[in-house]
Amino acid sequence: MAKILNWKIIFAVHAECLLCVCEAFYEGNLTSCFLSSVCGRAPLNNKIVGGEDAKAGAWPWQVSIQTLSGSHFCGGSLINKDWVLSAAHCFKQVTASNIVMYFGRQSQLGLNPNETYRRASRIITHPKYNLIRFDSDIALVQLSSSVTFSDYIRPVCLAAAGSVFGGGTESWITGWGLLKSGAGEVSDILQEVQVPVVSNNDCYNAFAAITTITSNMICTGLINVGGKHSCQGDSGGPVASRNGSLWIQSGIVSFGADPCDDPKYPSVFARVSQYQDWITSSIGSNPPGFVKYHNNGFRSSLNLLLLSMSLTFSIIPFTFSLYLSS
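Quick caveat, the model's predicted, so the values are computed rather than measured. Throughout, a residue's number is its position along its own chain's written sequence, starting from 1. Thresholds applied to this predicted model are a pLDDT of at least 70 for local features of residues and 80 or more for the giving and counting of side-chain atom pairs; totals over whole chains, interfaces and linings are not thresholded and use all residues. By convention in this description, side-chain values take in all heavy atoms of the structure and omit both hydrogens and water.

Caption draft 1: Molecular detail of the overall build of the chain. Numbered from the N terminus, helices here are DSSP runs of H or I no shorter than four residues, and strands are runs of E no shorter than two. Regarding its fold elements, the chain presents 4 helices and 18 strands. Note on areas: Shrake-Rupley, 1.4 Å probe, and residue coverage restricted to the protein chains presented here. Of the roughly 14000 Å² that the chain leaves accessible, carbon and sulfur atoms contribute 56%.

Following this line, the structure appears as structure tokens:
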């Protein structure tokens, strides 16, 4: 009996310590701590390098946002059972009543046995979204009813306020955008591509004569090399980095150059970590899992304390090209 009691005490002490560590890391927010154990896990993803078709279930938070007529026009990411994160520019000419979202989808033309879909009940675009400067290009879409999680449908973790994705941080972009600039048709199979983060200073310099890169943006790509970009049809989709066993979304596909594969310009995304307060206050109850990521650059770092993304994306023409599918 004494041995059993001792084990109970040991278990209680260890459980309390884990809660303390978790609570301390999340600055007292146990809700975010517990949600981090749900988000960002992709059991069917074993990717190390990319630039190819994504396997079914590899990116379980990826969403295809379509019109009722069945036309894919933007991507998004599932962030909890009731909400999708996407780009504000995706919804300038479409209303919630005309939207259907697909989860667990791999192919736009073939069968998707692990798929489900939901209508949209509400769209919330950031009040400071600027169509001229493309700043605060972020939106939330509420589902008509909750989805049930599976190995093929899961939420992604979101980068918490203060997260650092330094130049060179390994990231993954996913979506059904054009495989080649000017190709006309979006991809049938979900695409994935591995890309490094471009420092904001280098991104600012690349776009200096065209537009202003702000602290609300994050960029990826291989400047003067090219070959790995987002493109039309990728708008609203995620770029994410791995942190131990978790995938954390750092950005939302916003804009780039036209043609998409112009090597002089990186792809530009809305920086998710800048909008933690807005996302949380807009959603209200059941907030998504926010995880703080810190990598100063040139090498991905693993944060073991947390116990614990590709594709070709399109950019805005020059003229800028927002990555909407025509």
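Caption draft 2: Structural view of the pairing of strand 6 (residues 116–125). The sheet contact formed by strand 5 (residues 99–103) and strand 6 spans 4 bridges and is antiparallel. Directly across from Phe103, in strand 6, lies its bridge partner Thr116. When strand 6 meets strand 7 (residues 139–143), the two strands line up antiparallel, connected through 5 bridges. Bridge pairing in strand 7 places Thr125 opposite Ala139. Any two strands are treated as partners once DSSP identifies two or more bridges connecting them.

Caption draft 3: Representation of the pattern of salt bridges in the model. A pair is scored as a salt bridge if a Lys or Arg side-chain nitrogen falls within 4 Å of a carboxyl oxygen belonging to Asp or Glu. Inspection of every chain in the model, using the stated rule, returns 4 salt bridges. We note a salt bridge from Arg154 to Asp151, for which the minimum N-O separation is 3.1 Å. For each residue, the accessible area found with a 1.4 Å probe, counting protein chains only, is set against the maximum for its type, and the residue is called buried under 20%, exposed over 50%, and partly exposed in between. Here Arg154 falls in the partly exposed class, since its relative accessible area comes to 21%. Taking the shortest distance from any N to any O, the salt bridge between Lys264 and Asp262 comes out at 3.1 Å.

Caption draft 4: Local environment of the state of the cysteines. Disulfides are defined as pairs of cysteine sulfur atoms found within 2.5 Å of each other. The final tally for this structure, using the stated rule, is 3 disulfides. Two residues share a disulfide in this structure: Cys39 and Cys157, whose sulfurs sit 1.9 Å from each other. With the S-S dihedral at roughly 90°, the linkage between Cys39 and Cys157 falls on the right-handed side. Taken as a pair, Cys39 in the loop between helix 2 (30–35) and strand 1 (52–53) and Cys157 in strand 8 (residues 157–159) lie far apart in primary sequence, 118 residues in all.

Caption draft 5: Region of the structure containing the confidence of the model for the chain. Confidence of the predictor at the level of single residues is given by pLDDT, which spans 0 to 100. For the chain, mean pLDDT is 81; residues scoring 70 or higher make up 75% of the total. Residue contacts are counted whenever heavy atoms from the two residues lie within 4.5 Å of one another. Scored below 50 in pLDDT, residues 1–32 shows 20 contacts in the model against residues more than four places distant or in partner chains. Taken together, the stretch residues 299–320 has pLDDT below 50 and engages in 126 contacts with residues farther than four places along the chain or on a different chain.

Caption draft 6: A look at the packing of aromatic side chains. Stacked, edge-to-face and tilted labels apply to pairs of Phe, Tyr and Trp rings (six-membered ring for Trp) whose centres lie within 6.5 Å, assigned for plane angles under 30 degrees, over 60, and everything in between, in that order. Counted according to the given criterion, the structure contains 9 aromatic pairs. A ring pair is formed by Trp59 and Trp61, whose centres lie 6.2 Å apart and whose planes are at 70°; its orientation type is edge-to-face. On the basis of relative accessibility, which here comes to 3%, the residue Trp59 falls in the buried class. Judged by its relative accessible area of 0%, Trp61 is buried. Judged by centre distance (5.9 Å) and plane angle (70°), the rings of Phe207 and Phe255 are edge-to-face. Of the two residues, Phe207 sits in the loop between helix 3 (200–206) and strand 12 (217–220) while Phe255 sits in strand 14 (residues 246–256), which places them 48 residues apart along the sequence. Residue Phe207 is classed as buried on the basis of its relative accessible area of 0%. Take Phe255: its relative accessible area is 0%, and that puts it in the buried class. Here the aromatic residues Trp59, Trp61, Trp172 and Trp247 are joined through ring pairs into a cluster of three or more. A cation sits over an aromatic face here: Arg105 above Tyr102, 4.1 Å from the ring centre. Two limits define a charge over a ring: the Lys NZ or Arg CZ must be within 6 Å of the ring centre, and within 35 degrees of the ring normal.

Caption draft 7: The sheet that holds strand 7, seen in detail. The 6 strands are arranged 2-3-4-7-6-5 in a closed barrel whose pairing can be described as antiparallel. Averaged over neighbouring strand pairs, the angle between their axes works out to 40° when direction is ignored. When strand 2 (residues 62–67) meets strand 3 (residues 72–80), the two strands line up antiparallel, connected through 5 bridges. Of the residues in strand 3, the one forming a bridge with Ile65 is Cys74. On the sheet, helix 4 (residues 276–283) packs against strand 3, strand 4 (83–86), strand 6 and strand 7 and is oriented at approximately 25° with respect to strand 7. Axes, fitted as lines to C-alpha atoms, cover a helix only where it is in contact. Angles between the N-to-C directions of the axes lie from 0 to 180 degrees.

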